[in-house]
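Listed here are the chains, written in short residue letters.
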Amino acid sequence: MGRGNKGSISTTGQTRLTSFSLAQPNQSHPSFSDALRALSPSPSNKNRSHPTSYHCFLVSDYYKKHKDNNTLPRQTRDPIHATVLHLKLLKWYDSVKLLRKMPWRKEVDILTLSQQERTQRGYEVWVSETMLQQTQVATVISYFDRWIQKFPTLASLAKADIEDVNAVWAGLGYYSRASRLLKGAQMVVNEFGGVMPETVKRLEEIDGIGAYTAGAISSIAFSKRAPTVDGNITRVLSRLTALHSPSTAKSTTTFLWSLADVLVPPNSGGDEQLDHHGGPNKPGAWNQALMELGATICTPKNPKCGECPLREECLGWNEVRTLAHLRTLPTPAPPVKDIEDCHLCTPFPVIRHEHSVTQYPMAKEKKKIREEETAVCVVEWEKDGAKGGDKMVLLQKRPEKGLLAGLFEFPSIDLDPSENSTPKSRNAQLQELLDSLLVDTLPSISPTSTTTNGKSQSKNPSPIRIISTTSLGAITQIYSHQTRLYHILRVIITSPTLPALSPSSKSSTSVSTTSIPGRGKWVPESDVKGSNVGGAIGKVWDVRMSGKAGVGKLSGMGNNNARDGSVKKVAAGVTGKKGSASPKKREKGRTKEDDDFLVGSDEEIEYEKEEPKRKKKKRLEDKVDDDREEGTVVAESASPYQGKKKRVIVISDDDEEE
């Protein structure tokens, strides 16, 4: 019996009224009958009820192994063989794989390579896959080229110093990735004789290589039949099977990794037609094709379903088409009795005109962004009696683990979130910190206790004298799980000789700090930006160089309700002086992009004005997560296959180790 008028849809995978009608659903799809029942409204079915086998319509010779191990449920009737997908996706991949000009994407026959060439191939894939974690392809290309130029072989990387490694990595974010690459390369040289392992099991023995990276290296570099699942592949497989389940659930990860393994083609023994597609390395080409599909077609928002080579097999897309034509389709037969509902999916109500493939995968629960504060002191030294010239600046190296591991910073203190900090309390804590970092005693750094001409007000046996202390306001740095406000104090000191720094044996302070005695150095002020500093410290230095106070604040700090009044004063200028521009008035030469922040959250980005009340959401098509420094331009093209240009800004450094 007919159900009425035809529905219509856009090619972005969401049911809407458009100027053209959507094609009829694929009624030969193995899961079509279950889809029709799941999507048809009834008193007993309001939440897309379906059996677990609904998602199990793709099979290969490797399915039985997973079924026997209970990592995959039984398949539905008349399933689709994986070779159908292999032919379609690899043919499409052959037509697009060179368009984005990735230097690590090479088509080589591993059987023709020497052992040295095999290791080199594995090394290049390893570097690229590590860089691509949490980072856009457009950004990685230039970093990859610089990396290979600096460390052309695995052996050359193993000999490198962490400072050199961080210098090449600077600005790419998630700096722990760089240190893990270095440690992993040293392990390959010391424990594997300088030869890259080729199997997933052996690769996972290397420091810093997990299941995803091991599968990517093994398949792409060494042509092994190994699955890999990243954010793009998770999205593709979830939509392909219409899987709506919590991403962190063990049942979800087990299903996706098992399905990924079922779908990886062998290098030989498959369909003869497959010999003409995917090159000599079928497993590597397949995994890269899935990633490419997720990055360019099956994107987080506005997917191009009409252009997808797997659109006829995609259950998520078939659901949308089914809903669009639901009134014209036959009434579904009643379900077979005693069939349990899907144990993988989380139910959700089906709303005909809102149902979309973007409902898959299930959205992650957004983590609450912490708000933290740091007091930072820019300590500058000039020789007693000298006028002008390059000052020396004190930098401290952060611990080798944790946030911004191994990078340099100005002496800093993480403030207790349970206490409302004031300029006086911050100065007191910074005083204690600086006393622990310098051998000689530092006079009081309180701005009210300092006079001009470098003359101290109190008797002090220390050769160090303070010339000036100045509050430089605050800057805000956005990390993946926190927003941090940096209160900046600039202190200029003088003495006959460069002040000696405390050894590591000096007792630590009572304040919470990553600036530890024995890890400091003096650098010329002209070398600060080139000293492997993170994004926040770079912004602090920019404020110092500009001579204008920072106007950063946390979301709870309105212009009229700053926690201690200091941020409110900063908006009017340094230490409350008149004449500085209002933060609402854009400086001459400042662009709109300079006034915007991008805040990353999983695949989604929130586009925030400096006025927090005004928000609109934006999403990047080629991302999984964001970890760029705020204000970094990472791409100039809106689509990897089109010429239209668009400027994209991304967020800051990493928050925590992965």
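All figures in this text were calculated on a predicted structure; none of them were measured in a lab.

## Some words on the overall build of the chain
If you tally the helices and strands in the chain, you get 17 helices and 15 strands. A total of 658 residues make up the chain; the buried ones form 52% of that total. Taking contacts inside the chain between residues at least 6 apart in sequence as the whole, the part at least 24 apart equals 68%. As presented, the chain carries roughly 30,200 Å² of accessible surface, and 51% of it is formed by carbon and sulfur atoms.

## Considering the pattern of salt bridges
Under the counting rule described, the total for this entry stands at 24 salt bridges. A salt bridge links E124 to K106; the nearest nitrogen and oxygen atoms lie 2.8 Å apart. Of this pair, E124 sits in helix α4 (residues 115-132) while K106 sits in the loop between α3 (82-96) and α4; the two residues are 18 residues apart in sequence, bridging distant segments of the chain. The closest approach of N and O atoms between R544 and E525, which form a salt bridge, is 2.7 Å. Of the two residues, R544 sits in helix α16 (residues 535-546) while E525 sits in the loop between β9 (520-524) and α16, which places them 19 residues apart along the sequence.

## Things to note about unusual backbone geometry
Following Y360, the chain continues into P361 via a peptide bond in cis, with omega recorded as -5°. Within the secondary structure, P361 is located in the loop between α14 (315-324) and β3 (370-383). If you check the backbone angles, Q134 has positive phi at about 70° while not being a glycine. Structurally, Q134 is set in the loop between α4 and α5 (137-150). A relative accessible area of 17% places Q134 in the buried class.

## Topic: helix α1 (residues 32-39)
Counting buried residues along α1, six of its eight residues qualify, which places the element largely inside the surrounding structure. Three or more residues of α1 are buried, namely F32, D34, A35, L36, A38 and L39. Its buried side turned inward, α1 meets α14.

## Concerning the nonpolar core
Of all hydrophobic cores here, the largest spans 121 residues; its most connected members are W126, M131, W147, L157, V165, I217 and F410. Considering each element in turn, this core owes the most residues, eight residues, to α3. Look past the residues within four positions of I217 in its chain and what remains in contact with it is G122, V125, W126, M196, L203, I209 and F222. V379, L442, I466 and W522 belong to the second largest nonpolar core, which has 21 residues in total.

## Looking at the pairing of strand β7 (residues 465-478)
Judged from the eleven bridges that link them, β7 and strand β8 (residues 482-495) form a sheet pairing that is antiparallel. Residue pairing across strands places A474 opposite H487, the latter belonging to β8. In sequence, β7 turns back onto β8 through a hairpin of three residues.

## Topic: helix α8 (residues 176-191)
Along its 16 residues, α8 runs 22 Å from first to last C-alpha, staying within 8% of the 22 Å computed at 1.5 Å per residue. Along α8, the positions that sit buried rather than exposed are S176, R177, A178, S179, L181, L182, G184, A185, M187 and V188. Residues of α8 that are buried in the fold lie against α4, α5, α6 (154-158) and α7 (162-169). Just downstream of α8 lies G193, where phi reads positive at about 65°.

## Some points on the packing of α5 against α7
For the pair α5 and α7, the least separation of the axes is 9 Å and the interaxial angle reads 150°. Classed by the angle they form, the pair α5 and α7 counts as roughly antiparallel. For the crossing formed where α5 meets α7, the hand is right-handed. Of α7, the residues touching α5 (which contributes Y143, R146, W147 and K150) are D164, V165, V168 and W169. Among the residues forming the contact of α5 with α7, the class breakdown is five nonpolar, no polar and three charged.

## Some points on the environment of A260
Tracing the chain through its elements places A260 in helix α12 (residues 250-263). With a relative accessible area of 5%, A260 lands in the buried category. Between the C-alpha atoms of A260 and N287, which are 27 residues apart in sequence, the distance is 8.9 Å. Each residue touching A260, except ones within four places of it in the same chain, is listed here: P227, V229 and L237.

## Some thoughts on the pairing of β3
Burial within β3 is extensive, with eleven of its 14 residues counted as buried. As judged from the 14 bridges shared by β3 and β8, these two strands associate in the parallel manner. Bridging across to β8, A375 finds its partner in H487. Here β3 runs beside strand β6 (residues 412-414); their pairing, made up of three bridges, is antiparallel. From the neighbouring strand, A375 faces β6, where its bridge partner is I413. Pairing of β3 with strand β4 (residues 392-397), which is carried by two bridges, proceeds in the antiparallel orientation. By the bridge assignment for β4, E380 is matched with V393.

## As for the packing of helix α11 (residues 231-240) against α12
Interhelical geometry of α11 versus α12 gives an angle of 85° and a closest axis separation of 11 Å. As judged from the angle between their axes, α11 and α12 are roughly perpendicular. Residue-level inspection shows T234, L237 and S238 of α11 in contact with α12, the latter providing L256, L259, A260 and L263. Residues of the contact of α11 with α12, tallied by class, amount to five nonpolar, two polar and no charged.

## Things to note about the confidence of the model for the chain
Averaged over every residue, the pLDDT of the chain is 78; residues scoring 70 or more account for 76%. For the chain, the element scoring lowest by mean pLDDT is strand β11 (residues 596-601), at 25; α6 scores highest, at 97. Confidence drops under pLDDT 50 across residues 558-658; counting only partners more than four residues distant or on other chains, this segment forms 258 contacts.

## Focus on the environment of N287
Within the secondary structure layout, N287 lies in helix α13 (residues 282-296). On the basis of relative accessible area, N287 is assigned to the buried category, the value being 1%. Excluding anything up to four places from it in sequence, N287 contacts G215, S219, A226, P227, T228, I233 and V264.

Parameters at a glance
- Position numbers for residues count from 1 along each chain, tracking the sequence in the order it is written.
- pLDDT decides what is reported in this predicted model: residues at 70 or higher carry local features, side-chain atom pairs at 80 or more are listed and counted, and totals for whole chains, interfaces and linings draw on all residues regardless.
- As a rule here, side-chain values come from all non-hydrogen atoms in the structure, and water together with hydrogens is ignored.
- Only DSSP runs of H or I covering at least 4 residues are called helices, and only runs of E covering at least 2 are called strands; the numbering of each starts at the N terminus.
- Each residue is placed in one exposure class: buried if its accessible area under a 1.4 Å probe, protein chains only, is under 20% of its type's maximum, exposed if it is over 50%, and partly exposed if it falls in between.
- Residue contacts follow a heavy-atom distance rule, with two residues in contact if any of their heavy atoms lie within 4.5 Å.
- Calculation of accessible area relied on Shrake-Rupley with a 1.4 Å probe; when residues are assessed, cover is drawn exclusively from the protein chains displayed.
- In the sections that follow, a salt bridge refers to a side-chain nitrogen of Lys or Arg positioned within 4 Å of a carboxyl oxygen of Asp or Glu.
- In this description, a nonpolar core means a group of buried Ala, Val, Leu, Ile, Met, Phe, Trp, Tyr and Cys residues linked to one another through side-chain atoms lying within 4.5 Å.
- Two strands pair under a simple rule: DSSP has to find at least two bridges between them.
- A helix's residues, less one, multiplied by 1.5 Å, set its expected span.
- Axes, fitted as lines to C-alpha atoms, cover a helix only where it is in contact. Angles between the N-to-C directions of the axes lie from 0 to 180 degrees.
- For classification, angles of less than 35 degrees are called roughly parallel, those exceeding 145 degrees roughly antiparallel, those between 65 and 115 degrees roughly perpendicular, and all remaining angles oblique.
- The crossing is said to be left-handed when, going from far helix to near helix, the turn is anticlockwise and less than a right angle, and right-handed when the turn is clockwise.
- The classification used treats Ala, Val, Leu, Ile, Met, Phe, Trp, Tyr, Cys and Pro as nonpolar, Asp, Glu, Lys and Arg as charged, and all other residues, Gly among them, as polar.
- pLDDT expresses how confident the predictor is about each individual residue, on a scale running from 0 to 100.

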